[in-house]
Amino acid sequence: MRVLKSLFWVIILFNLVLGQQQKIKILDVNVEGIALTDSMTILINSGLMPGKSVSGEDIQKGVKNLWALKLYDDVKIYIEQQNLNGVVLKIKVKEYPKLVDYRIEGRDKVDKNDVKAAIDMYKGGIYTPYRAYKTINNIKKTYREEGYLLAEVEVDTTHMTANKVSAIIKITEGKKVQVKKIRFHDNEV
């Protein structure tokens, strides 16, 4: 939804100021909100470099390219200044935090290595809600394969700093589900 909202504002902004097909020169690009990545990474991936002439479509493509990196929780592009020579753009991003470490709580009945193999996060990597979601589903699948159909998994995070988190993967294993007896009713064959 945030991608659509960001794209909506970029489209409106450039339709009003520049027009969709008109190209305008980028005089400078300021990047805000970065701590884990550098501004050159953002400039290269967005394709919005000083000296380049761009249209509204190029700006839209830049936003999409930055979202595709899956490093940012939010991406916005603004016109900071405008004159007859061109524009100064501001790219404002909100980075996902870095995962400092994680630990597993509540695992007793399934092999520790099987659970670790199901985790879709790694120390030093970027922590995203999608990675947490995949980790939860992968661990639940591992438990289902072992017969623990009622296992519950959640991921809690603690912010160490503004852009670093620690995660706790909490597992409630529940009882093993087994079929003891099968009865057929009203079956004549």
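Just so we're clear, the structure is a prediction, and the values are computed from it rather than from any experiment.

Regarding the overall build of the protein chain
Okay, so step 1: What the protein chain contains, in helices and strands, is five helices and seven strands.
Okay, so step 2: Each helix and strand of the protein chain, ordered N terminal to C terminal, gives the series α-β-α-β-α-β-β-β-α-α-β-β.
Okay, so step 3: The buried share of the protein chain, taken over its 189 residues, is 35%.
Okay, so step 4: Of all intrachain contacts in the protein chain linking residues separated by at least 6 positions in sequence, the fraction that spans at least 24 positions is 61%.

So, the pairing of strand β4 (residues 86-95)
Okay, so step 1: For β4, the buried fraction is high: seven of the 10 residues fall into the buried class.
Okay, so step 2: Here strand β3 (residues 72-83) runs beside β4; their pairing, made up of 10 bridges, is antiparallel. Residue pairing for β4: N83 is matched across the bridge by G86.
Okay, so step 3: Two successive antiparallel strands, β3 and β4, enclose a turn made up of two residues.

Some words on the packing of aromatic side chains
Okay, so step 1: Taken as a whole and assessed by the stated rule, the structure comprises two aromatic pairs.
Okay, so step 2: Measuring from ring centre to ring centre gives 6.0 Å for Y143 and Y148, while their planes differ by 75°; the resulting arrangement is edge-to-face.
Okay, so step 3: Over the face of the ring belonging to Y102 we find K123, whose NZ or CZ atom lies 6.0 Å from the ring centre.

Brief notes about the packing of helix α2 (residues 39-46) against helix α3 (residues 56-68)
Okay, so step 1: In contact at an axis separation of 8 Å, α2 and α3 are set at 125° when each is read in the N-to-C sense. Between α2 and α3, the crossing angle belongs to the class labelled oblique. On α3, the residues touching I42, N45 and S46 of α2 are G62, N65 and L66.
Okay, so step 2: Split by residue class, the contact of α2 with α3 holds two nonpolar, four polar and no charged.

Focus: the nonpolar core
Okay, so step 1: Core analysis: the biggest nonpolar cluster contains 20 residues, and I139, Y143, V155 and I169 have the highest contact counts within it.
Okay, so step 2: Secondary structure elements with two or more residues in this core: β5 (98-105), α4 (112-118), α5 (129-145), β6 (152-161) and β7 (164-172).
Okay, so step 3: Non-local contacts of I139, meaning those with residues more than four positions away in its chain, are made with V115, A118, I119, V153, I169 and I171.
Okay, so step 4: Within the second largest apolar cluster, 19 residues are counted, among which are I42, L43, V63 and V75.

Overview of the side chain of E95
Okay, so step 1: Relative to the helices and strands, E95 is located in strand β4.
Okay, so step 2: Of the side chains with opposite charge, K98 comes closest to the buried, unpaired E95, at an N-O distance of 9.9 Å.
Okay, so step 3: Within the local environment of E95, its side chain forms a polar contact with the backbone nitrogen of A35, the two atoms lying 2.7 Å apart.
Okay, so step 4: Among the polar contacts made by the side chain of E95, one reaches the main-chain amide nitrogen of L36 at a distance of 2.9 Å.
Okay, so step 5: Other than its neighbours up to four places away in sequence, E95 contacts G33, I34, A35, L36, T37, L71, Y72 and D73.

What counts, and where the lines are drawn
Residues numbered from 1 in each chain as written. Predicted model: local features only at pLDDT ≥ 70, side-chain atom pairs only at ≥ 80, totals over all residues. Heavy atoms only, no water. Helix = DSSP H or I, 4+ residues; strand = E, 2+ residues; numbered from the N terminus. Buried < 20%, exposed > 50% of the residue type's maximum accessible area, 1.4 Å probe, protein only. Contact = heavy atoms within 4.5 Å. Pairing = 2+ DSSP bridges. Phe/Tyr/Trp six-rings, centres within 6.5 Å; stacked < 30°, edge-to-face > 60°. Lys NZ or Arg CZ within 6 Å of the ring centre and 35° of its normal. Axes fitted to C-alpha atoms, helices over the stretch in contact; angles between N-to-C directions. Parallel < 35°, antiparallel > 145°, perpendicular 65-115°, else oblique. Nonpolar A, V, L, I, M, F, W, Y, C, P; charged D, E, K, R; others polar. Core = buried A, V, L, I, M, F, W, Y, C linked by side-chain atoms within 4.5 Å. Lys, Arg positive; Asp, Glu negative; His and termini not counted. Salt bridge = Lys/Arg side-chain N within 4 Å of Asp/Glu carboxyl O. Polar contact = N/O pair within 3.5 Å; in protein donor to acceptor, adjacent residues only side chain to side chain.

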